[in-house]
Amino acid sequence: DLLSLMSSNPKVCRHLHLPLQSGDNDVLRRMNRPYTAEQFLDFVQKAREIIPGIGITTDIIVGFPGETEQEFENTCDTAVKVQFSKAHIFRYSPRSGTAAYNMHDSVSPQEKERRSSLLSQITNASANRFMQALAGSDVNVLVESKKYNNGLYSGLTDTYVRVFFKESEYCGKIVKVHINEYANGRLIGVIS
């Protein structure tokens, strides 16, 4: 029902934040997550069929207690299949009061850092492809009032992608922006 509403109502953004947490079913079970990697992938595929161009962002934890190299590789494989438009990668750290707090934290800090770096490379590559695909197109942007140190203002598309431009008089409004280029990890456009 939510996907149907998102596809038919222009007031609803074409963006979902879906916390994957892990792309390995054994790790998901240890995290007490009520879904599998396959169910996650099926939902993403359905969302993309119903809402073309949807932005899918996520949170992923690396180095959860007991995470093996193979389980981490399964997470990387899942991230490659999903092609997230943005991902937040977190290194596991014990939190008092959680079930995981009492689990043996068997992944070293150095290994967590390595896994975080590798997964960030994978998800950054898919985020860059998502943004590059917008170059040359016209998108609706909610203009924000914040001015960046490069003298540009910015706003967010309905797929949760930041766009930079010179104009600022439309703060708080949704305007059409033509994306001129994708450069240095940024979309640069002009209000049309």
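Everything that follows concerns the structure shown earlier in this document.
A short tour of the structure in this document, coming up.

Calculation criteria
Residues numbered from 1 in each chain as written. Predicted model: local features only at pLDDT ≥ 70, side-chain atom pairs only at ≥ 80, totals over all residues. Heavy atoms only, no water. 1 Å grid on protein atoms, 1.4 Å probe; cavity = no way out; pocket = protein on both sides within 12 Å on 5 of 7 lines; lining within 4 Å. Points joined across faces, edges and corners; volume = space filled by probe spheres on them. Helix = DSSP H or I, 4+ residues; strand = E, 2+ residues; numbered from the N terminus. Nonpolar A, V, L, I, M, F, W, Y, C, P; charged D, E, K, R; others polar. Core = buried A, V, L, I, M, F, W, Y, C linked by side-chain atoms within 4.5 Å. Buried < 20%, exposed > 50% of the residue type's maximum accessible area, 1.4 Å probe, protein only. Contact = heavy atoms within 4.5 Å. Disulfide = S-S within 2.5 Å.

**Considering the layout of surface pockets**
Right, on to step 1. Computed from the structure, the largest pocket encloses a volume of approximately 420 Å³.
Right, on to step 2. The set of elements that each furnish at least two residues to the lining of the largest pocket consists of α1 (2-8), β4 (138-147), β5 (153-157) and β7 (174-183).
Right, on to step 3. Looking at which element gives the most residues to the lining of the largest pocket, the answer is β4, with 6 residues.
Right, on to step 4. Among the residues forming the lining of the largest pocket, the class breakdown is 10 nonpolar, 5 polar and 6 charged.

**Digging into the nonpolar core**
Right, on to step 1. Ranked by internal contacts, the top residues of the largest apolar core, which has 21 residues, are Leu16, Phe40, Ile54, Ile56, Phe84 and Leu119.
Right, on to step 2. Only α1, α3 (37-50), β2 (55-62), α4 (69-82) and β3 (86-91) provide two or more residues apiece to this core.
Right, on to step 3. Looking at which element gives the most residues to this core, the answer is α4, with 4 residues.
Right, on to step 4. With residues near it in sequence (within four places) discarded, Leu16 still touches Leu2, Leu3, Met6, Phe43, Ala47, Ile54, Gly55, Ile56 and Thr57.

**Details of the state of the cysteines**
Right, on to step 1. Under the counting rule described, the total for this entry stands at 0 disulfides.
Right, on to step 2. In this structure Cys171 is a free cysteine whose sulfur lies 18 Å from that of Cys13, the closest cysteine sulfur available.
Right, on to step 3. Accessibility expressed as a relative area gives 35% for Cys171, which makes it partly exposed.

Any functional reading would require information that these geometric values do not contain.
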